[in-house]
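In case you want the letters, here they are:
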Amino acid sequence: MGRALCICVHGFMGSKFQLSPMASRLARQGFDVLNFSYPSRRGTMEQHGASLADVVRFRVEEYAKLEQSSISLNAVHFVAHSFGGLVVSAATQQQHFPERVKGNG
């Protein structure tokens, strides 16, 4: 059974609560949802991107373990608000960002 993961990334000075209503709707539509939070007022864009890349890599590895029990990851989608889109872009530039996710674009 294939699953789709949707990762929500809030904007500058926001929090994961900013995208919680959308995350809830996406979950009701059948997506596996991760509402990523980061301290936008502290740290660098590279640090935020590295943190998101870590989370994506971990989640993709978890799905790889589940593939043995017939649950697979078909797609990864990002929903980002403003500055969050820059964080997603920074994450994709990290060496440890999963190649299989880059291929979904």
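Everything quoted here is computed from the prediction, not taken from an experiment.

Give me helix 3 (residues 83-92): which residues, what numbers.
Owing to its 3.6 residues per turn, the α-helix aligns residues three or four sequence positions apart on the same side. Every buried residue of helix 3 is accounted for by Phe 83, Gly 84, Val 87, Val 88, Ala 90 and Ala 91. Taken end-on, helix 3 shows its buried residues confined to a sector of 160°, consistent with a single buried face. Of the surrounding secondary structure, the elements contacted by the buried residues of helix 3 are strand 1 (2-9), strand 2 (32-36), helix 2 (45-66) and strand 3 (72-80).

I'd love a proper account of the environment of Glu 67, names of residues and values included.
By the secondary structure assignment, Glu 67 is in the loop between helix 2 and strand 3. Taking relative accessible area as the criterion, Glu 67 reaches 35% and is therefore assigned partly exposed. Residues Glu 67 and Ala 50, 17 residues apart in the sequence, show an inter-C-alpha distance of 26 Å. Among all residues touching Glu 67, those that are not within four sequence positions of it are Ser 72, Leu 73 and Arg 100.

Definitions and limits used
- Residues numbered from 1 in each chain as written.
- Predicted model: local features only at pLDDT ≥ 70, side-chain atom pairs only at ≥ 80, totals over all residues.
- Heavy atoms only, no water.
- Buried < 20%, exposed > 50% of the residue type's maximum accessible area, 1.4 Å probe, protein only.
- Helix = DSSP H or I, 4+ residues; strand = E, 2+ residues; numbered from the N terminus.
- Arc of directions from axis to C-beta.
- Contact = heavy atoms within 4.5 Å.

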